[in-house]
Every structure is written in structure tokens, then in C-alpha cells.
Amino acid sequence: PCCEQILIFLGRLRLFFLMMTFTCIKITLDFIFNCQGEQELSKVAHRKLASHYPQPPEPRGAVAHDSPFACPLDLYMPWDLKERSLSPWRYVSKPMKDHYPSTYVEAQCLCSGCIMIKNQGTPELSHDYNSVPLTQTRVFLKRERCTDEQKYYLKPVSVVVTVGCTCARPHLV
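Each value, and the rule that gives it
Sequence order as written defines residue numbering, which begins from 1 separately in each chain. Reporting of local features is limited, given that this is a predicted model, to residues whose pLDDT is at least 70; pairs of side-chain atoms are given and counted only at 80 or more, and all residues count toward the totals for whole chains, interfaces and linings. Excluded from the side-chain calculation are hydrogens and water; included are all heavy atoms of the structure. UniProt positions are given in the numbering used here, feature names are shortened, and annotations may be inferred rather than shown by experiment. Aromatic pairs are defined between Phe, Tyr and Trp rings, using the six-membered ring for Trp, whenever the two ring centres lie within 6.5 Å; interplanar angles under 30 degrees are classed as stacked, those over 60 as edge-to-face, and all others as tilted. Criterion for a charge above a ring: Arg CZ or Lys NZ at most 6 Å from the ring centre, at most 35 degrees from the ring normal. For the purposes of this analysis, a disulfide is any pair of cysteine sulfur atoms at a distance within 2.5 Å. Secondary structure counts use DSSP, requiring at least four H or I residues in a row for a helix and at least two E residues in a row for a strand, with both numbered from the N terminus. Think of it in three bands: residues with accessible area under 20% of the maximum for their type are buried, residues over 50% are exposed, and the middle band is partly exposed, with areas taken using a 1.4 Å probe on protein chains only. Any two strands with at least two DSSP-identified bridges between them are counted as paired.

Per an unreviewed UniProt entry, the protein is named Interleukin 17c, and its organism is Hippocampus comes. Recorded in UniProt for the protein, the comment headed Subcellular location (unreviewed entry) runs: "Secreted". Under Sequence similarities (unreviewed entry), UniProt gives the following word-for-word description of the protein: "Belongs to the IL-17 family."

**Quick notes on the packing of aromatic side chains**
Under the definition given, this model contains one aromatic pair. Cation over ring: R143 sits above Y152, and NZ or CZ is 4.2 Å from the ring centre.

**Digging into the state of the cysteines**
For the coordinates displayed, the defined rule picks out three disulfides. Between the sulfur atoms of C109 and its disulfide mate C165 the distance is 2.1 Å. On the S-S bond that ties C109 to C165, the torsion sits near -105°, and the link is left-handed. Pair noted here: C109 is in strand β4 (residues 103-109) and C165 is in strand β8 (residues 152-168), with a separation of 56 residues, a long-range link. On the basis of relative accessible area, C109 is assigned to the buried category, the value being 18%.

**Things to note about the sheet that holds β8**
Pairing is antiparallel in the open sheet, where three strands are placed in the order β3-β7-β8. Among the strands making up the open sheet, the edge pair consists of β3 (99-100) and β8. Note: β3 against strand β7 (residues 130-145), two bridges, orientation antiparallel. In the strand pairing of β7, Y100 is matched with L141.

**Digging into the sheet that holds strand β1 (residues 63-64)**
Ordered by their spatial adjacency, three strands build an open sheet running β1-β2-β4, and the pairing between neighbours is mixed. With partners counted over all chains shown, the strands left at the sheet margins are β1 and β4, one partner each. In this sheet, strand β2 (residues 89-95) lies alongside β1 in parallel orientation, the contact comprising two bridges. The residue bridging V63 from the neighbouring strand is V92, located in β2.

Below is the structure:
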């Protein structure tokens, strides 16, 4: 009976130490991740974006990412770079849930081929070349839940964003 009581006591003591270790780990993780309430997290995100991850200015005239589009061959007028490019593009607004910033603007190529000017100055879509996206990696801050399920921390994540389009020879396999 005495050995059984000692074993029960040791088992309870071990359980106590495990619970204390878990609590200590949880507190340490919350401290490391700098857990914040939702309102404070937004302020921290804007400060961090401004100081550590400056965002480029957003171009004007962005449309919804799911709006219809077509290659503007019949409207080809060489004014703005995105319109006079041989590989024109438009800017679309893209939402990103649980990220700071929560939306960003991305270029979307309008033609599969490239616009070539023929002998009499007439634009023509040519598939001798491909319209390909030009990309840039940008850092966003993703909102992640802390261990207490009530607060959040910010995690930097890299996202590849299309910033324009250009003409390229087709990739031959």
C-alpha cells in the first residue's frame, strides 16, 4: 500500500510539472509572438508596414479582379505606358483576408500575344510572341491566432505580385 501511494503521489507530481511546463511554454510563446487584441494589432501592423515593410503606392484605376476584360486591339492608342505597351495590362484590386494590407493592386495581362504595328500603322495581335507577367515579391503581415485563441500576432509573409506585362519569345519545350 505504501508503494502504491508513493506511485500515485509521483504521478500527480509529474502531472503538476507537465501542466506548469505547458503554461510556461504558452506564456513564452505569447510573449515571443507579441500577442495583441484586434484593435491594437491593426495599429501595430500599420507601424510595422511603415517602418519595416514599406508598400509601393497603389496605381489608380484598379478594377475588381473578376471583372471581364479583352485585348484592347481596337482601342490601341499610345498614351499611357500600360496602354501603349506591346503587351498591355490593367490593374485589378485583390483582397487578402487576415493580411495587412487587406487589399493590393496587381497587374493583369490583357492579351495572350503581343500587339505589333504592321506596315500601314495598323495594330495586330501576334502570337509569334507571348504576353508574360512581370512579378515582384512583396511582404505582407498575416494575422495569426495566439495560443489563448483571443489575441493575434503578425507573421511576415512573401507574396509574388504581378506589376506589369512584357512581350517575350514563346518558351519552346
